[in-house]
Structures are given as C-alpha cells and as structure tokens.
Amino acid sequence: MGELVTYRGPMVDSERWERFEHRPGDVVISTPPKSGTTWTQMLCALMIFDGPNFPAKLDAMSPWLDMRIRSEDEVFELLAGQTHRRFIKTHTPLDGLPMRDDVSYVVVGRDPRDVMVSWEHHIDNTDLEILIQSRIDAVGVDDLAGLDPPPPPEPDPAVRFRNFIESERDPSELMSLSNVLHHLDTGWAHRGDPNVGLFHFLDYQRDLVGEMARLAELCAFGLDRERLAELAPEAGIGRMRDRADEMVPGLAVSDHWKDPSRFFRSGAAGEWIERTTPADRAHYDDRVAELVPDELARWAHEGGTDGRAR
C-alpha cells in the first residue's frame, strides 16, 4: 500500500482512519457527497438487523468517522462499543483509506451533475452557524487560525455550474467535478478486488432488490433474495422521509438541519439541464474527458454495470 492521501478541511479529517482499529467484517461506505450514502447505510442497516427496527439512529449506528462534529475519541468509542456488524460512513476516497482484505468497501456513484444540484439543496437546508458551532464544540478552533471564511454562494446557477466544472481537485474540499470523479476513479482502480463493490444511484432506482443482493453478497450478510424483496420497501425515499428524525445524518449530535425531511428531497435526475446551455454541456463533456477514461465516465453517468474488470 502506498502513502495515503490526506483529505483534511475545516469539517473533515481523513487521518482519523489511520488511527482507527478495524474489525474483520467491517463495512466502509465510501462515496462522494449526495451520491446515495444514506441510502446505502439504510440498506446495510436493514440487512444487518434483518428488518427496520434499529437500536439507535442511523447516524449513531453508522457514523461519519472523519466528520469533525464528533471528536475522534467520541466516534472511536461509539464504534468500539458496537457488537453488531459495523458499517461506517466516509466521504474519503479509497486512496485516503487504509485498505484491508478483511473489510468490505462500498463505493457509490451518481451523475456528478445531479450531485451538484443535490448539494446545493443540501447546503440551503443547512444552518451553517449551528454546524460550525458543533464543530467548534467537538474539536476546538486551533486549526482554524488564518483561514478565511468561505465566500458567499454565487447567486447565478449557470455560473455555479461552470465553477463546479472548472474547479481543480482540492483534498480540503468536497464539491467539484474533479473531486467527485477522482473519488469514483479510486473505486474504479479497485473494481477487480473481491472486497470492493461499485454501486450506482441509478441502479438502486432501476433494481433495488438486485442491488441489495449484490451488496449482501459483497458483505456476506447472508440474506436470500426473497427476504431482500421484503426489506426493500423500507428503503424507499418516502419511507425514509417519514423516518427523517431517525435517518438524517448528524442528528445524533447536532441539530443543524432547517428541515430534516428535506434531506430526502426527490432523488431526481436531470435538473441541471434547465440551468445549462449547449455550450455549457459541451464544456462539461470535454472536462470529463480530461479527467477520467471513457469507460469510467460512462459508468459514472449511467451506471448499468458493477464496474468489475472485463
């Protein structure tokens, strides 16, 4: 294993993974933001507990390990105390994680343009003052000295789309086309590994039971397809919205959502079209071609395959 890439910013610190004690059988869910992370956590929870009755909120059962609204000690103690199969969330790409043969890694993709639109709604639904205060309460402010506050959001959605396309990869940030595709590229590089599975948001929508079966096989959850078909409706967006107070990330430690139910907005595709011109879309295609090979680009936008080497 080569030297790990560090992904560190005001809200995340991937170096926690280097100090975390894994157990054989752990499941690590590694996704770009807004790509089906919570959906995948819910699928794992349904299979681990063989039903929709859980012992705690989803975020307490499956914490975002490197998110700095919990201290390192707190999140490590939380996971150390769990006796069930552990399934752990991260937005760190695989090149920032210590890869182990006895751990399963689940990478989930989504069309980056849909990711961008979903992220904008996500930020609009976030009370940033409460979120920042939660971060300060958890880890202090020593590392923030000299950092400039983030600029206000660009008001023009067309300009936001162009900025998303053109921004260079930055390990301290979460949201840009280059960051999203790099994350998927790190999964793509491991697609032949028996303990790494590539999943896609569109495939969840097309055949949730089939994708649950692939996930169950990867993680050795031991449930047959008939049982998975019974569990799948509990992972529908409407059902998860009804259970938002249990499902939405961060609620176990920070009340930073303006409306938790808005976290499960729609899962729609193609909303980016109305804010782009043909020139913007051509520029997007050119930029994707610069960043990743054609085969990965097709999978990132369309899904339709498990991504394994052919």
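A brief structural summary. Just so it is clear, the model here is predicted, and its values are computed rather than measured.

Conventions and cut-offs
- Residues numbered from 1 in each chain as written.
- Predicted model: local features only at pLDDT ≥ 70, side-chain atom pairs only at ≥ 80, totals over all residues.
- Heavy atoms only, no water.
- Helix = DSSP H or I, 4+ residues; strand = E, 2+ residues; numbered from the N terminus.
- Buried < 20%, exposed > 50% of the residue type's maximum accessible area, 1.4 Å probe, protein only.
- Contact = heavy atoms within 4.5 Å.
- Areas by Shrake-Rupley, 256 points an atom, 1.4 Å probe, with all protein chains shown as cover.
- Lys, Arg positive; Asp, Glu negative; His and termini not counted.
- Charge placed at Lys NZ, Arg CZ, Asp CG, Glu CD.
- Polar contact = N/O pair within 3.5 Å; in protein donor to acceptor, adjacent residues only side chain to side chain.
- Patch = residues over 30% accessible without salt bridge, like charges linked within 9 Å, V, L, I, M, F, W, Y side chains within 5 Å.
- Salt bridge = Lys/Arg side-chain N within 4 Å of Asp/Glu carboxyl O.
- Pairing = 2+ DSSP bridges.
- Axes fitted to C-alpha atoms, helices over the stretch in contact; angles between N-to-C directions.
- Expected span 1.5 Å × (residues − 1).
- Phe/Tyr/Trp six-rings, centres within 6.5 Å; stacked < 30°, edge-to-face > 60°.
- Lys NZ or Arg CZ within 6 Å of the ring centre and 35° of its normal.
- Parallel < 35°, antiparallel > 145°, perpendicular 65-115°, else oblique.
- Left-handed = near helix turned anticlockwise from the far one by under 90°.
- Nonpolar A, V, L, I, M, F, W, Y, C, P; charged D, E, K, R; others polar.

With that out of the way, let us pick up the overall build of the protein. On a plain count of helices and strands, the protein comes out with 15 helices and 4 strands. Across its three principal axes, the protein shows a C-alpha extent of roughly 50 × 45 × 45 Å. Classification of the 310 residues of the protein by burial places 52% in the buried group. At a minimum sequence separation of 6, the contacts of the protein that also span at least 24 residues come to 76%. Approximately 14000 Å² of the protein is accessible, and the part contributed by carbon and sulfur atoms is 50%. Within the protein, the 57 negative side-chain charges are centred at a point lying 3 Å from the centre of the 35 positive side-chain charges.

Glancing now at the side chain of Ser104. Mapped onto the secondary structure, Ser104 falls in strand 3 (residues 104–109). A distance of 3.5 Å separates a polar atom in the side chain of Ser104 from the backbone oxygen of Leu218. Apart from the residues within four sequence positions on either side, Ser104 is in contact with Asp26, Val27, Val28, Asn195, Leu218 and Cys219.

This brings us to a nonpolar patch on the surface. On the surface, a cluster of nonpolar side chains totalling about 230 Å² of accessible area is made up of Ile123, Leu128 and Ile132. Along the chain, the position of Leu128 falls in helix 6 (residues 128–139). By relative accessible area, Leu128 is classed as partly exposed at 42%.

Another aspect to go through is the environment of Arg287. Among the secondary structure elements, Arg287 is positioned in helix 14 (residues 278–291). Residues Arg287 and Leu198, spaced 89 residues apart in sequence, show a C-alpha to C-alpha distance of 23 Å. Once residues lying within four places of it in the same chain are set aside, the contact partners of Arg287 are Ile165, Glu166, Ser167, Glu168, Leu177 and Ser178. Of the polar contacts made by the side chain of Arg287, one reaches the backbone oxygen of Ile165; its length is 3.0 Å.

Spatially, 2-1-3-4 is the arrangement adopted by the 4 strands of the open sheet, whose pairing is parallel. Here the strands that pair on one side only, and so sit at the sheet edges, are strand 2 (87–90) and strand 4 (196–200). The average undirected angle you get between the axes of adjacent strands in this sheet is 20 degrees. Sheet topology places strand 3 next to strand 4; 5 bridges connect them, and they run parallel. Bridge pairing in strand 4 links Gly109 to His200. Across the sheet, helix 8 (residues 177–188) touches strand 1 (27–30), strand 3 and strand 4, and the angle it forms with strand 3 is around 140 degrees.

Here helix 10 (residues 208–219) contains 12 residues, and its C-alpha end-to-end distance of 16 Å stays within 8% of the 16 Å for a straight helix at 1.5 Å per residue. Of all 12 residues making up helix 10, 9 are buried, and the element is well covered by its neighbours. Those residues of helix 10 lying buried are Leu208, Val209, Gly210, Glu211, Met212, Leu215, Ala216, Leu218 and Cys219. Positive phi shows up at Ala220, right after helix 10, with a value of about 55 degrees.

Turning our eyes to something else, we now look at the packing of aromatic side chains. For any two aromatic rings, the description comes down to two numbers: the centre-to-centre distance and the angle of the planes. Under the criterion given, the structure shown has 8 aromatic pairs. Plain terms: the ring middles of Phe49 and Phe54 are 5.8 Å apart, the flat faces sit at 50 degrees to each other, and that makes the pair tilted. For Phe49, a relative accessible area of 23% translates into the label partly exposed. Taking relative accessible area as the criterion, Phe54 reaches 16% and is therefore assigned buried. Their ring planes at 35 degrees and their centres at 6.4 Å tell us that Phe199 and Tyr204 sit as a pair that is tilted. Members of the aromatic cluster, connected to one another through ring pairs, are Trp39, Phe199, Phe201 and Tyr204. Sitting over the face of the ring of Phe201, Arg110 holds its NZ or CZ atom 4.0 Å from the ring centroid. Here the guanidinium or amino end of Arg214 rests over the ring plane of Phe199, the centre of that ring lying 4.1 Å away.

Strand 4 sits mainly inside the fold: 5 of its 5 residues count as buried. Where burial is concerned, the two faces of strand 4 agree: the one with Val196, Leu198 and His200 and the one with Gly197 and Phe199 are both buried.

Helix 14 packs onto helix 8 with a crossing angle of 40 degrees between their chain directions and a minimal axis gap of 10 Å. In terms of orientation, helix 8 lies oblique with respect to helix 14. Helix 8 and helix 14 meet at a crossing whose hand is right-handed. Packed against helix 8, whose contacting residues are Leu177, Ser178 and Leu181, the element helix 14 presents Tyr284, Arg287, Val288 and Leu291 at the interface. A per-class count over the contact of helix 8 with helix 14 returns 5 nonpolar, 1 polar and 1 charged.

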